[in-house]
Amino acid sequence: MTDTAVAPTTPPDTATGSAATALGVPTTAKPHSLVLSPVKRSGLAEQLKAGLDAPICLTWELTYACNLQCIHCLSSSGRRDPRELTTTEAEAVIDELQRMQVFYINIGGGEPTIRSDFWHLIDYATDHGVGVKFSTNGSRIDASVARRLAASDYVDVQISIDGADAATNDAVRGEGSLEVAQQAMKHLHNAGFKGFKISVVMTRHNIAQVDELEAMAARFDAELRLTRFRPSGRGADSWYQLHPTEAQQRLLYRWLLDRPEVLTGDSFFHLSALGEPLPGLNLCGAGRVVCLIDPIGDVYACPFVLHDEFRAGSVRDHGGFQRVWQHSELFAELREPQSAGACASCGHFDACQGGCMAAKFFTGIPLDGPDPECVLGHGEPLVDAARSARPSLALDHSRPSPVKLLARNHRAART
């Protein structure tokens, strides 16, 4: 599943379909109180499942280099890959995205600001009509960079943290990382950048802090964005330590229902089986409306499944990104009509759509099985049974030892 961040622009014309098979979980009667989201009632969800001529939102990891070593990092970042796309190759990808009318890209890493051509590529994208939101730990956002960002109409910033206090955050991201992130937030706030994002992956250690995180966002005139923890990258090793309990998921669901203004990137659609749907498309957009380009140009169906089984091609191949998006066999398969598989007997399938593909894959559950965090409890026994069958990680760019990031080592973005 992918965090589907839809920009306020009309997407390109619709094109093609989604995938499936079977397993076996207890039957659950269709609830009388089941409420479908407006998107599902309108039929738009079915059209989006068939795929679009171009992705609504593209995630592009510019580098695996990172000055942190978060224990849940989905791409196991740390060290730079020497095969990274060159500046010229990256510009060519942006040219292609402009021709395809991709109006919005999420840039991440690693820590994307580490690339020496980062600011050039941001300017190149916006000059070519491609809007940018980039995710950062904040370590390279000083006062002058914040002023520059505040002056741009086409660049959004997302500061990543993992807790409302240093004890919670730094246990995941490294010593001093919350202080550095909040320093970046202060710079953005002082520069008049309203509405930048504070992004938090929900774990069992920070769900109790959602009110404090909401207050932090308000204090900096920022927007709060909560995303789901997936067992991808180093997250596979920390899954059992970090993923929320069933009770915490229910608490989070009720909290989000009361706060439709909190952004989620459609991250928690598996919780919609609890009743009223959360705002958003409430479907897995992998290979249908979203995908990922990694630092060496490989294209994956979803930012959370950096694994050979979900590699659709490369921007370095003949025909570039457009050929991969419109003609790859993997994406065509994902766009085929999908059966409910093991969840066919469950009356909640229309609400949760069977959950997250990445969460299933990396916990060893078949893709047509229930989500490992199925709110009805169908996934947990399968996770326990499949521990030995979990796929090995295809990529690991981790450094051998964790990094200490102190505020006094805070550096400017232009290097």
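Refer to the structure above for everything that follows.
This is a predicted model, so every value here is computed, not measured.

> Where do I start with the packing of aromatic side chains in this structure?
The description of two aromatic rings rests on the distance between their centres and on the angle between their planes. On inspection of all chains with the given rule, the structure shows nine aromatic pairs. When the ring of Phe118 is compared with that of Phe134, the centres are 5.0 Å apart and the planes differ by 75 degrees; the resulting orientation is edge-to-face. Within this pair, whereas Phe118 is found in helix H4 (residues 118–127), its partner Phe134 is found in strand E3 (residues 131–136), the two being separated by 16 residues in sequence. One exposure class covers both Phe118 and Phe134, and it is buried. Consider the rings of Phe321 and Trp325, whose centres lie 6.4 Å apart with planes at 25 degrees: the pair is stacked. Of this pair, Phe321 and Trp325 both sit in helix H11 (residues 320–327), four residues apart, which is roughly one turn of the helix. Judged by relative accessible area, which is 0%, Phe321 ranks as buried. Chaining the aromatic ring pairs together yields one cluster made of Phe118, Trp119 and Phe134. Lying across the ring of Trp325, Arg335 places its NZ or CZ 4.5 Å from the centre.

> Would you mind going over empty space enclosed by the protein with me for this structure?
Rolled over the atoms, a probe sized like a water molecule indicates the empty space that remains. Taken as a whole, this structure holds five cavities of 30 Å³ or more when the rule is applied. Computed from the structure, the largest cavity encloses a volume of approximately 750 Å³. Every residue lining the largest cavity is counted, 40 residues in all, and those nearest its centre are Glu61, Leu74, Ser135, Gln158 and Ser160. Only strand E1 (57–61), strand E2 (104–108), E3, strand E4 (155–161), strand E5 (197–202) and strand E6 (223–228) provide two or more residues apiece to the lining of the largest cavity. Counted by class, the lining of the largest cavity contains 13 nonpolar, 17 polar and 10 charged residues. Space inside the second largest cavity adds up to approximately 120 Å³. Forming the walls of the second largest cavity are 14 residues, and the residues nearest its centre are Cys343, Cys346, Cys352, Pro370 and Cys374. Along the lines of polarity and charge, the residues of the lining of the second largest cavity split into nine nonpolar, four polar and one charged.

> In this structure, what is going on with the packing of helix H3 (residues 87–100) against H4? I would like to understand it.
Each pair of packed helices can be summarised by the angle the axes make with each other and by the distance between the axes. H4 packs onto H3 with a crossing angle of 20 degrees between their chain directions and a minimal axis gap of 10 Å. Between H3 and H4, the interaxial angle falls into the category roughly parallel. Like other packed secondary-structure pairs, H3 and H4 cross with a definite hand, here right-handed. Between H3 and H4, the residues in contact are Thr87, Ala90, Glu91, Ile94 and Asp95 and His120, Leu121, Tyr124 and Ala125, respectively. Counted by class, the contact of H3 with H4 contains five nonpolar, two polar and two charged residues.

> Is there a simple way to think about the pattern of salt bridges in this case?
Under the counting rule described, the total for this entry stands at 16 salt bridges. Two residues, Glu373 and Arg228, come together in a salt bridge whose shortest N-O distance is 2.9 Å. With Glu373 in the loop between helix H14 (357–362) and helix H15 (380–385) and Arg228 in strand E6, this residue pair connects regions lying 145 residues apart in the sequence. Arg228 carries the same exposure label as Glu373, and that label is buried. In this structure, a network of salt bridges that share partners links the residues Arg80, Glu84, Arg115 and Asp117.

> Just to check I follow, could you spell out the nonpolar core for this structure?
As a rule of thumb, nonpolar side chains are buried together in soluble globular proteins. In this structure, Phe134, Leu149, Phe196, Leu226, Phe321 and Phe331 are the most contacted members of the largest nonpolar core, which totals 86 residues. Of all hydrophobic cores here, the second largest spans 10 residues; its members include Leu48, Leu52, Ile56 and Leu281.

> Before we go on, may I ask you to explain the state of the cysteines in this structure?
Two cysteines whose sulfur atoms are joined by a covalent bond form what is called a disulfide. Tallied over the entire structure, the rule returns zero disulfides. The thiol of Cys66 is unpaired, and the distance to the nearest cysteine sulfur, on Cys70, comes to 6.1 Å. A relative accessible area of 14% places Cys66 in the buried class.

> Before we go on, may I ask you to explain H3 in this structure?
Working note: α-helix, 3.6 residues per turn, so residues spaced by three or four point in the same direction. The end-to-end C-alpha separation of H3 is 20 Å, in line with the 20 Å expected for 14 residues at 1.5 Å each. Among the residues making up H3, those that are buried are Ala90, Glu91, Val93, Ile94, Glu96, Leu97 and Met100. On its buried face, H3 is in contact with E1, E2, H4, strand E7 (290–293) and H11. Downstream of H3 by one or two residues, Gln101 has phi in the positive range, about 65 degrees.

> Please clarify how the pairing of E5 should be interpreted in this entry.
In the case of a regular strand, side chains alternate between the two sheet surfaces. Across the six residues of E5, six count as buried, placing the element largely inside the fold. Alternating positions in E5 separate into two faces, Lys197, Ser199 and Val201 on one and Ile198, Val200 and Met202 on the other, with burial throughout. The sheet contact formed by E5 and E6 spans six bridges and is parallel. Its bridge partner being in E6, Lys197 is matched across the sheet by Glu223. Assessed by its sense of winding, the connection that carries the chain from E5 through helix H8 (residues 210–219) to E6 is right-handed.

> Could you clarify how one ought to interpret helix H10 (residues 246–257) in this entry?
Between its first and last C-alpha atoms H10 spans 17 Å; for 12 residues at 1.5 Å apiece the expected length is 16 Å, and the two agree. Inspection of H10 places Gln248, Gln249, Leu252, Tyr253, Trp255 and Leu256 among the buried residues, and these make up the whole buried set. Buried positions in H10, seen along its axis, are confined to an arc of 165 degrees and lie on one side of it. Exposed and facing more than 90 degrees away from the buried side of H10 are Ala247 and Arg254. Where H10 is buried, its residues contact E5, H8 and E6.

Conventions adopted
Residues numbered from 1 in each chain as written. Predicted model: local features only at pLDDT ≥ 70, side-chain atom pairs only at ≥ 80, totals over all residues. Heavy atoms only, no water. Phe/Tyr/Trp six-rings, centres within 6.5 Å; stacked < 30°, edge-to-face > 60°. Helix = DSSP H or I, 4+ residues; strand = E, 2+ residues; numbered from the N terminus. Buried < 20%, exposed > 50% of the residue type's maximum accessible area, 1.4 Å probe, protein only. Lys NZ or Arg CZ within 6 Å of the ring centre and 35° of its normal. 1 Å grid on protein atoms, 1.4 Å probe; cavity = no way out; pocket = protein on both sides within 12 Å on 5 of 7 lines; lining within 4 Å. Points joined across faces, edges and corners; volume = space filled by probe spheres on them. Nonpolar A, V, L, I, M, F, W, Y, C, P; charged D, E, K, R; others polar. Axes fitted to C-alpha atoms, helices over the stretch in contact; angles between N-to-C directions. Parallel < 35°, antiparallel > 145°, perpendicular 65-115°, else oblique. Left-handed = near helix turned anticlockwise from the far one by under 90°. Contact = heavy atoms within 4.5 Å. Salt bridge = Lys/Arg side-chain N within 4 Å of Asp/Glu carboxyl O. Core = buried A, V, L, I, M, F, W, Y, C linked by side-chain atoms within 4.5 Å. Disulfide = S-S within 2.5 Å. Expected span 1.5 Å × (residues − 1). Pairing = 2+ DSSP bridges. Right-handed = clockwise from strand over helix to strand, strands pointing away. Arc of directions from axis to C-beta.

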